[in-house]
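Notes for the structure review
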Amino acid sequence: MGSDLCWKPRLWRPLLLSIVLLQLGGSSEGKKSWRAGRQSSHYRRSQGLPARDRSQASGWSPQQQQPAAGAGDAQESFTLDFTAVEGNIDNFMAQIKSLAQSLYPCSAQKLNDDMRLHFLANSSVTCNDGTPAGFYMKESRGSRRWLIFLEGGWYCFSKENCDSRYDTMRRLMSSTNWPRSKTGTGILSPRPEENPYWWNANIVFIPYCSSDVWSGASLKSEKSEYAFMGALIIQEVVKELLTKGLENAKILLLAGTSAGGTGVLLNVDRVAEQLEELGVRGVQVRGLADSGWFLDNKQYQRTDCIDTISCAPTEAIKKGIRYWNGVVPELCKQQFREGEEWNCFFGYKIYPTLRSPLFVVQWLFDEAQLTVDNVHLTGQPVQEGQWNYIQNLGRELKNTLKDVPAVFAPACLSHEVITKSYWLNLQVKGISLPRALHCWDRSLQDGNKNGKNSMKGCPIHLTDGCHWPHCNPTCPTIRDQYTGQEMTVIQFLMHMGFDIQKMAQQQGMEVSKLLGMLSSGS
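**A few points about the pattern of salt bridges**
The full count for this structure, using the stated rule, is 12 salt bridges. The salt bridge partner of R191 is E193, with a shortest N-O separation of 3.3 Å. Relative accessible area serves as the criterion here: at 36%, R191 is assigned to the partly exposed category. The partner of E194 in a salt bridge is R191, and the shortest N-O contact between them spans 2.5 Å. Owing to a relative accessible area of 6%, E194 belongs among the buried residues under this scheme.

Here it is, written out as C-alpha cells:
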C-alpha cells in the first residue's frame with residue numbers, strides 16, 4: 001500500500017483536497033474561491049497554458065507530475081485560493097505537510113529537504129584561496145519561484161587582515177571543508193510552519209568565500225595571493241541554474257544578510273540584466289536585503305584603520321574596492337566622480353539608482369553598525385555621549401529609509417534575521433516579517449511594478465516609532481554576555497548603566513509610567 005501511494009499521486013490528491021475543503025469550512029467566500037480557482041485552472045489546461053504557480057502566496061497546487069518524453073509543456077494541477085484561511089496559514093500549511101508526509105511512509109529519502117552542494121562547472125571562478133566556488137540547492141519541481149541567498153560574513157581589505165581571516169575563518173575563504181548538504185532555516189526553511197510563504201520555492205544558498213561584499217572581479221595571481229570573485233560567482237551560479245529550471249521561473253528573489261545584504265544591493269539589477277542578455281524573459285527579479293543597509297557616518301570614537309572591526313565603514317570600503325577590483329552597478333557609478341565608486345556600497349546612496357523592486361530589513365540599532373562605529377556594549381556603564389549616539393543612529397537610519405516603499409525596521413539591538421527561526425515572532429506595528437514580505441509579494445503581483453502602494457490591511461513600510469534599543473517587545477531575547485541569562489528591557493538598560501529616574505525626567509513623565517512603557521514596549 002505504501003509503495004502505491006509513493007508512486008501514484010492521484011491516490012492522495014483527493015485526500016489533500018478534502019483537508020482544504022474542511023479548512024475552508026462553511027465559508028461561502030472560500031467555496032467560491034475554490035470553484036473559481038478550479039475553473040480557471042481547467043481553462044488554462046484547455047488552452048495549453050500552465051496553471052498559476054502553486055507556491056504563490058495566495059494559492060497552492062500540488063507538485064506537478066513529470067511530463068512524459070515528448071509530451072509538450074508541463075501542466076500543473078488545480079489551483080487553490082487560500083484567502084479564507086490566510087489568518088491561520090501557519091497551522092493550515094503544517095496540516096498539509098503532515099498529511100503529505102503521512103502518505104509517503106515508504107520513501108523517507110523523498111522527504112529529505114536538505115540543500116545539496118554543487119561546485120561550479122567553471123573552475124576558473126573560485127573562492128579566495130583558489131578552491132572551487134559553488135552553491136547549495138533544494139529543488140522544488142513544479143514551482144516557478146526561486147530564492148537565491150547570499151551569505152554574509154564581513155570582509156578583508158589587505159593582505160594582512162586577509163591572512164588573519166584565513167587563519168581564523170577559513171570557511172569564509174575556502175570551500176575545502178564545506179559540508180555536502182545544509183539545512184535551511186528561516187526563509188530558507190522547507191517547513192511551512194517556519195517559512196509559510198517560501199517553503200516550497202526552489203532554494204539556492206551561495207556560501208560567502210570571496211571576502212569582498214560580493215563585488216570582486218579579480219583572479220588569484222602571482223601579484224595577489226587571493227582571488228576576489230564575488231560578483232563573478234553570482235553570475236556563474238545564475239548561469240548554471242538556467243540548466244536546472246531557472247529559465248522557467250516567474251519570480252527570482254535575490255536575498256542576503258549582512259555583507260550578503262549589501263551584495264543584494266550591488267547585484268540585483270545585474271542579475272536582472274544578465275537574464276535579459278541570455279534571452280530569458282518574464283522573470284521578475286527582486287531583492288531582499290537584510291542587515292546590509294549600512295551608514296557611512298562618523299565613528300563615535302575614531303580609530304586607525306587597521307582591521308575590519310576598528311576601521312570606519314568608508315575607509316574599509318575605499319581600501320577594499322581597490323584591493324578586490326570591486327565592481328558596482330553602472331547607474332550608481334555614474335552618480336559619482338571617478339574613484340568614488342565606494343559610495344555605492346551604502347544603501348541610501350545606491351537605492352535611488354536601482355530598477356529592481358527591493359525590500360529592506362534593517363534593525364534600527366544594528367550591532368555590526370555599532371561595532372564599526374566603535375560603540376562597544378561590553379556590559380560597562382554606557383556614557384551619556386554613547387547613549388545619545390545610539391539614539392541618533394536609530395533616527396538617522398530611519399530617515400534614510402523614509403523614501404523606500406518596502407521596509408521592515410524594528411527598534412532592536414541585533415544583526416541579521418531572515419534566516420533565524422525566530423523571524424516569525426518579530427513584529428512591527430502588529431505585522432510579522434513574513435506577513436510584510438507576503439504583502440509586498442502581493443502588491444507586486446497586482447501589477448504594481450515597484451511595490452510602492454500597499455494594499456488595504458497589508459502594509460509594507462513598517463518602522464518602529466520608539467527611539468531606544470529593544471523598545472519593541474518582540475525583539476530577540478537579550479542575554480547577559482557573561483552569564484548567558486535572559487534580561488528584560490529594564491534589566492538591559494540598567495545593566496548598561498542607565499539611570500531610569502533621569503530617563504523619566506528627560507521624557508517628562510513619572511518613573512512608574514516609563515517602567516510600564518518599557519515593560520510593554522510602547
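**What to know about the confidence of the model for the protein**
Per-residue pLDDT for the protein averages 79, and the proportion of residues at 70 or more is 69%. Confidence over residues 1–13 falls short of pLDDT 50; this stretch has 20 contacts with residues more than four positions distant or in other chains. Between residues 104–111, whose pLDDT stays under 50, and residues either more than four places distant or in other chains, the model counts 10 contacts.

**With respect to the state of the cysteines**
Considering all chains together, one arrives at six disulfides under this definition. A sulfur-sulfur separation of 2.2 Å characterises the disulfide bridge that pairs C127 with C209. Linking C127 and C209, the disulfide has an S-S dihedral of approximately -80° and is accordingly described as left-handed. You can see C127 sitting in the loop between β3 (115–119) and β4 (134–138) and its partner C209 sitting in the loop between β7 (202–206) and α6 (230–241), a full 82 residues away along the chain. Comparing C127 with C209 shows no difference in burial state: the two are buried. Through a disulfide, C156 is tied to C162; the S-S separation comes to 2.0 Å. Measuring handedness by torsion sign, the sulfur bridge of C156 and C162 sits at about 90° and is right-handed. By relative accessible area, C156 is classed as buried at 0%. Its relative accessible area of 0% is what places C162 among the buried residues.

**What to know about the pairing of strand β10 (residues 358–361)**
A two-sided burial pattern is seen for β10, the buried positions comprising L358 and V360 on one face and F359 and V361 on the other. Across four bridges, strand β9 (residues 284–290) lies against β10 in parallel orientation. When the bridges of β10 are listed, D290 appears paired with V361.

How each quantity is defined
- Residues numbered from 1 in each chain as written.
- Predicted model: local features only at pLDDT ≥ 70, side-chain atom pairs only at ≥ 80, totals over all residues.
- Heavy atoms only, no water.
- Salt bridge = Lys/Arg side-chain N within 4 Å of Asp/Glu carboxyl O.
- Buried < 20%, exposed > 50% of the residue type's maximum accessible area, 1.4 Å probe, protein only.
- pLDDT = per-residue confidence, 0-100.
- Contact = heavy atoms within 4.5 Å.
- Disulfide = S-S within 2.5 Å.
- Helix = DSSP H or I, 4+ residues; strand = E, 2+ residues; numbered from the N terminus.
- Pairing = 2+ DSSP bridges.

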